[in-house]
Each structure stands twice: as C-alpha cells, then as structure tokens.
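# Structural overview for review
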Amino acid sequence: MKKILVIDTAASKTGALSVLQDFADHIRNNDYENEWHFITGADGLVKEAENLHVHVLRDVKESRIKRLHFDHLSGAEYLSRFEPDVVFSLQNTMPVGKIKSRNGYAKKVLYVHQPLGFQNAKRFSFIKKEERHYAVYQYLISKEINESIKVSDKTIVQTEWMRDAVVRKTGVDKGKVVKILPDVADSGVRFKGNPGGFTKFIYPAGAILYKNHQLIVDAVKMLNRQGIVNFEVKFTVTEEDLPWLKGEISPNIYFAGSMPREELLSEYADSVLLFPSYIETFGVPMAEARKSGTIVLAANTPFAREVLRGYDNSYFFSRFAARTLAVLMKRVIEGDIIAEPAEHPDKKEESAYGKIVRELLK
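Right, let's walk through the structure included here. (Residues numbered from 1 in each chain as written. Predicted model: local features only at pLDDT ≥ 70, side-chain atom pairs only at ≥ 80, totals over all residues. Heavy atoms only, no water.)

## As for unusual backbone geometry
One non-glycine residue, Glu83, lies in positive phi territory at about 50°. Along the chain, the position of Glu83 falls in the loop between α2 (64–80) and β4 (86–89). A relative accessible area of 38% places Glu83 in the partly exposed class. Even without being a glycine, Asn92 presents a positive backbone phi close to 75°. With respect to the secondary-structure elements, Asn92 resides in the loop between β4 and β5 (100–101). Of the residues examined, Asn92 reaches a relative accessible area of 10% and is grouped as buried. (Helix = DSSP H or I, 4+ residues; strand = E, 2+ residues; numbered from the N terminus. Buried < 20%, exposed > 50% of the residue type's maximum accessible area, 1.4 Å probe, protein only.)

This is the structure we're talking about:
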C-alpha cells in the first residue's frame, strides 16, 4: 500500500475545481488499496472516504504571498510530516525542496494545465490594464511552473502540443512528460442536421480576453452589412462580463450568461460551435461538439488541430481573420456547409484519471 498526497490549494471554482472533485470521486470509487490525502484550500470541496482523507490549508489561498511562502518555504516541510510515497500537485507548481517519505524521499508528479507560459500566439502587456493579469502568468508565474517541472520526477499534460512546448521551454527529457487526454463524456446529444442551412451558433466560453469574443462580434457585423440577419449567436457570458468589446453589438448576438452543463450540451443538437479562442490547453467544447457530430468553426491553432484531427465537420480560420469567419458562417447559414455523418464508436477506454493513477503508482 502506498501513501499519496494530492495538493490543490488553488482550486475553488470552474474547471480547476471540477478536475479536483472528479479526480477525488475516481479515487473514492475505485482505489481502496492505497491511502490518499487531499490538501485543499477550503472546506467542503472534497468528500472524505475510508481511503481518502482531506486536510484544509485555508491560509495558503488567502493571498499570492502566502501561496509563494508555501511553495518556496513551508510546503516541503509540511508535506514531509505525512511521509508520503508520492506527491501529486494539481495546481501547476510543486513546493520547493525534497519531501521526506518513509523510505527516503517522495516521488513528485506535477499536473500542468496552464498554457500561457508555453504558447506563442500572444505576448501580453503589463502596460495594458486588460492584459496585465495574463502577463503575470505568461512571464512571472510561468517561471515557477518551469522550475516545478524541472524538479518533478514526472509531468502530466493534456495534449501533444503542450508536451512538445514543455520539453522545448524547460529542456527536460521528453520521457518525463506524459500526455493524458482529459475525459470528455458522451452526452448522447446528436446534431440533427439541416441541408437547408443552419441559423444557430453557440460559443461556450468564459470572460477571458484570449477567448476572442471580439472576432465573432466583428464577423457578425460583416454579415449584417451584407443583409444577412436570419441567424443567432449565443454567448455563455453577459455583456457586462466583456467590457473590452469594441463597437456596437449586433442584435444577432444573444448574451445567455452561464448555462447549466446539461442545457449547454443540448445546444449541440441544432447549433454550430464557434471556437475562436487562440490559447487553450485542450479545448473541451470542441471535443464535446465532435462527439455530437455538429459543425465546428475553430481558430487555426495547434490545440484545435489536435482535438479535431480527422473530424470532417471541422473548418478553420485565422484567429484574427473576422472576414474568413464571416465567410464560413455565411456558408453554414446558406447550407453550403453541412454536417457529414459522424462515427460514434462503442469502444470504452480507460478513464484519464485511471491513467493518472497508474502513472502515480509506477
């Protein structure tokens, strides 16, 4: 039996919290042979079980300074008290220093899902207010991530492009970086198809600058100037969430706000996915849309090409070419682009979390 420590004091909402909770659920339901300890930053995020124990470090999440103190000064000493065999960090960084185990020092495994320091699509500016937050991650926090990768025995990433970028940026041996694609559940929703054209588009993305909502706004304006108004584009944010949008917003754009996951997935039955985001680790909506068989119009990026490889219903445009996106949308509306029948294999593969556990226990 091994003792494994899982660190994620940063997760509190959205995707990061989902990963933490889904991984804990997998452990709780599948692994009774090992002893698991989850270190979180708030109460109630993870449920305990016979094989799963939770320890809360509330102060680590209170400020960036306290997080730095934990990562660089107190973290290794605190974790050494558990004498773990393996330390698995879900928060992109690993505490500095050796962590004592029962038989020497613990194996360190790092999960990296923050792409800003590894992408070259955009250089963010400290001067521009709306970009400052991203610049901190791109130029400062990325250095901590790089150092954590170098001192870890193994690093897990979600895609091949991230694996290549990590190796290139840090110089670590490629054998120490493992690609494990995230799970994308099949909701059972299937694209209905319409040879006469489709008039519904959806972009499920949060209020993040590089999600590139502006490109869709500009493309819709171009369609309107051509007299094309018989369509709707749905955003899963409010207009107030995107203060950086420029120019008048077309009435063809509907700000739906946050949507329950089941409702969002149901949209793929009769909506075309727009995905102009130019920075992602993976891009879950594209994988979800692919399972449904719907048409995907995506920015031409390494991650989009990887997720949509071999998918006949995908079309690409330059991430800053609103005119090209407008042309593709027009072709969809007029029925020039239709969905080809998509295959839905019944083969069930081992879950991503199962693969992660195997890497931890090697």
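This is not the end of the story, as more comes after the structure.
## Focus on the packing of aromatic side chains
Tallied over the full model, the rule gives 17 aromatic pairs. Considering the side-chain rings of Tyr78 and Phe82, the 5.5 Å spacing of their centres and the 75° angle between planes classify their relative orientation as edge-to-face. Residue Phe82 is classed as buried on the basis of its relative accessible area of 13%. Look at Phe201 and Phe231: their rings are 6.3 Å apart centre to centre, the planes differ by 90°, and that puts the pair in the edge-to-face class. Within this pair, whereas Phe201 is found in strand β10 (residues 200–203), its partner Phe231 is found in the loop between α5 (213–225) and β11 (232–235), the two being separated by 30 residues in sequence. (Phe/Tyr/Trp six-rings, centres within 6.5 Å; stacked < 30°, edge-to-face > 60°.)

## So, the pattern of salt bridges
Applying the stated criterion across every chain, the model contains 18 salt bridges. Put simply, Asp85 and Arg102 hold a salt bridge, and the shortest N to O gap is 2.3 Å. Linking Asp85 in the loop between α2 and β4 with Arg102 in the loop between β5 and β6 (104–105), this pair joins segments that are 17 residues apart in sequence. Exposure remark for Asp85: the relative accessible area of 18% places this residue in the buried category. Across the salt bridge formed by Glu160 and Arg163, the nearest N and O atoms sit 3.8 Å from each other. Here Glu160 and its partner Arg163 are both found in helix α4 (residues 160–170), three residues apart, which amounts to about one turn of the helix. Sharing partners across several salt bridges, the network here consists of Glu160, Arg163, Asp164, Lys174 and Lys179. (Salt bridge = Lys/Arg side-chain N within 4 Å of Asp/Glu carboxyl O.)

## Some words on the sheet that holds strand β9 (residues 177–179)
Strands sit in the order β3-β2-β1-β4-β7-β8-β9 across an open sheet of seven strands; the sheet is parallel. The open sheet has two free edges, formed respectively by β3 (52–56) and β9, since each of these has just one partner strand. For this sheet, the mean angle separating the axes of adjacent strands, direction not counted, is 20°. In terms of strand pairing, strand β7 (residues 107–111) meets strand β8 (residues 154–157) through three bridges, oriented parallel. (Pairing = 2+ DSSP bridges. Axes fitted to C-alpha atoms, helices over the stretch in contact; angles between N-to-C directions.)

## Let's talk about helix α3 (residues 129–151)
Over its 23 residues, α3 runs 34 Å from end to end, which matches the ideal 33 Å to within 8%, given 1.5 Å per residue. Maximum bend of α3: about 45°, positioned at Ile141. Three or more residues of α3 are buried, namely Glu131, Tyr134, Ala135, Gln138, Ile141, Ser142, Glu144, Ile145, Asn146, Ser148 and Ile149. Residues of α3 that are buried make contact with α2, β7, β8 and α4. (Expected span 1.5 Å × (residues − 1). Bend = angle between axes of the 7 residues up to and from the residue. Contact = heavy atoms within 4.5 Å.)

## Examining the packing of α3 against α4
Helix-helix packing: each pair is described by the crossing angle between the helix axes and the interaxial distance. Direction vectors running N to C along α3 and α4 enclose 90°, while the axes themselves pass 10 Å from each other. Between α3 and α4, the interaxial angle falls into the category roughly perpendicular. Here Asn146, Ile149 and Lys150 of α3 come into contact with α4, specifically with Val166, Lys169 and Thr170. (Parallel < 35°, antiparallel > 145°, perpendicular 65-115°, else oblique.)

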